[in-house]
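Geometric and topological summary
Each chain is listed here by its residues.
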Amino acid sequence: MTRADAVQAELPLHAADGPAPRIELAGSAPAIDALDWDAIAAQLDAQGYALLPGWLAPPQARALRAATAGLRRTDLAREDLGLGERYVFAAEPPAPLAAWREALYRHLVPIANRWNARMDCAQRYPDELAQFLHRGRRAGQSRALSCLNLLRTDGYMALQRHDAGAHVFPLQCIALLSEPDEEFTGGEFVMTEQRPRMQTRPMVLPLRLGDAALIATAQRPVSGARGDYRVSLKHAISRVRSGERAGLELLFHDAP
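This write-up is about the structure you can find in this document. Fair warning: this is a prediction, and the values are worked out from it, not measured in the lab.

Scoring rules and cut-offs
Residues numbered from 1 in each chain as written. Predicted model: local features only at pLDDT ≥ 70, side-chain atom pairs only at ≥ 80, totals over all residues. Heavy atoms only, no water. Helix = DSSP H or I, 4+ residues; strand = E, 2+ residues; numbered from the N terminus. Rg over C-alpha atoms; globule rule 2.2 N^0.38 Å. Buried < 20%, exposed > 50% of the residue type's maximum accessible area, 1.4 Å probe, protein only. Contact = heavy atoms within 4.5 Å. Areas by Shrake-Rupley, 256 points an atom, 1.4 Å probe, with all protein chains shown as cover. Axes fitted to C-alpha atoms, helices over the stretch in contact; angles between N-to-C directions. Parallel < 35°, antiparallel > 145°, perpendicular 65-115°, else oblique. Nonpolar A, V, L, I, M, F, W, Y, C, P; charged D, E, K, R; others polar. Left-handed = near helix turned anticlockwise from the far one by under 90°. Core = buried A, V, L, I, M, F, W, Y, C linked by side-chain atoms within 4.5 Å. Phe/Tyr/Trp six-rings, centres within 6.5 Å; stacked < 30°, edge-to-face > 60°.

Helices and strands together make up the secondary structure of the protein, namely 5 helices and 14 strands. Scaling as 2.2 N^0.38, a compact globule of 256 residues should have a C-alpha radius of gyration of about 18 Å, and the protein matches this with 18 Å. Considered along the principal axes of its C-alpha atoms, the protein spans approximately 50 × 45 × 40 Å. Classification of the 256 residues of the protein by burial places 52% in the buried group. Intrachain contacts of the protein at a sequence separation of at least 6 include 79% that bridge at least 24 residues. Total accessible area on the protein stands at roughly 11900 Å², and carbon and sulfur atoms take up 51% of it.

Orientation of helix 4 (residues 97–118) relative to helix 5 (residues 129–138), taken along the N-to-C sense of each, is 95 degrees, at an axis distance of 9 Å. As far as their axial angle goes, helix 5 and helix 4 are roughly perpendicular. Judged by residue contacts, Arg-101, Glu-102 and Tyr-105 of helix 4 engage Leu-129, Phe-132 and Leu-133 from helix 5. In terms of residue class, the contact of helix 4 with helix 5 is built from 4 nonpolar, no polar and 2 charged.

A few words on the packing of helix 2 (residues 37–47) against helix 4. Relative orientation of the contacting elements helix 2 and helix 4 amounts to 40 degrees, with a least axis distance of 11 Å. With respect to each other, helix 2 and helix 4 are oriented oblique. Judged by the sense of rotation from one axis to the other, the crossing of helix 2 with helix 4 is right-handed. Contacts between helix 2 and helix 4 pair Trp-37, Ala-41, Leu-44 and Asp-45 from the former with Leu-104, His-107, Leu-108, Ile-111, Arg-114, Trp-115 and Arg-118 from the latter. Of the residues assigned to the contact of helix 2 with helix 4, the class counts are 7 nonpolar, 1 polar and 3 charged.

Within the largest apolar cluster, 67 residues are counted, with the highest numbers of intra-cluster contacts made by Leu-44, Leu-64, Leu-108, Phe-169, Leu-214 and Leu-248. Counting residues per element, this core draws most heavily on helix 4, at 10 residues. What Leu-64 contacts, discounting residues up to four positions off in sequence, is Ile-23, Leu-25, Leu-56, Leu-97, Leu-148, Leu-177 and Leu-248.

For the structure shown, the criterion picks out 8 aromatic pairs. Between Tyr-105 and Phe-132 the ring centres are 6.2 Å apart and the planes differ by 20 degrees, which places this aromatic pair in the stacked class. In this pair, Tyr-105 sits in helix 4 while Phe-132 sits in helix 5, placing the two residues 27 residues apart along the sequence. Of the two residues examined, Tyr-105 and Phe-132, each falls in the buried class. Ring geometry for Tyr-105 against Phe-252: centres 6.2 Å apart, planes inclined by 45 degrees, an arrangement best described as tilted. With Tyr-105 in helix 4 and Phe-252 in the segment after strand 14 (240–250), the pair connects residues that are 147 residues apart, well separated along the chain. By relative accessible area, which is 0% here, Tyr-105 ends up buried. Judged by relative accessible area, Phe-252 falls into the buried class, the value being 0%. Members of the aromatic cluster, each reached through a chain of ring pairs, are Tyr-105, Tyr-125, Phe-132, Phe-169 and Phe-252.

Laid out in C-alpha cells, this is it:
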C-alpha cells in the first residue's frame, strides 16, 4: 500500500454504508493530463484564471446538471449569498468527478506551492489530494464545498470566496452546464480582483456549455516594481435575466 493509499484509508470520505454514488456520463473523460499545463500556469499567473474550453461534451454537461438526486440542497438567500440553490456533494464527489478532482489537484499543486512561496506563505501542499484533505480534517475542516448550483430567472450569486479554515487550496475549478442565449440569458461568471491602492478590477469569463475554468480561490501573487505582492479575489454570477443556469464548482479543500 502506498502512502497516499494509507492516508486515503484513514479518511471518512463518504458514508460508511456504501461507496460514493456514480454519475453516468457518456463519452470520454476530459483529457486532464493532456492539457497544456505550462500555458494554464501562465494564464493563472497573468489573470488569476485559465479557461478550459469544451472541457465537457454538451451531453456530459447536461447529464451532470441533472444529477441532483440525493444531494444536500442549500438556499443561497438563506445564507445571504444570492438567490438560487446549491446542491452540495458529499465529502467525496460522485464518480467520475472524484477522479477528475484528484487529477486536477496533482497538476495544480506545483502552481499552488509556487504561489505560496511568492506570497511568503509557509504552507506547502502535498502531492496527493487525500493527504491534503486529511490535514484539513485533523484541523476540523469537514464541511464539503463542491457543488452544483442552479439559478433561475432573477437568480444570482453574490460575491464570495472560499477561504475559511487553516488549510485552504488557492485554486478551484468551475464549469458551465447550460447553454447561454439558448437555455438562459444573463448569468455571467464574474471575478473581481482588489489590488492595494487600486480600483477593483472586474473580469467576466466567456463561458459556453461545457466550458470550465480554473480560478484563484481567494488570493494570488502579482509581480510589481518592488517584487511580488498579493491580491484578493472574489467570484460571483450576475443576475439571470431569463431561463435556468446550472454550474459546477469543484474545490480541493473543505470548510470548518
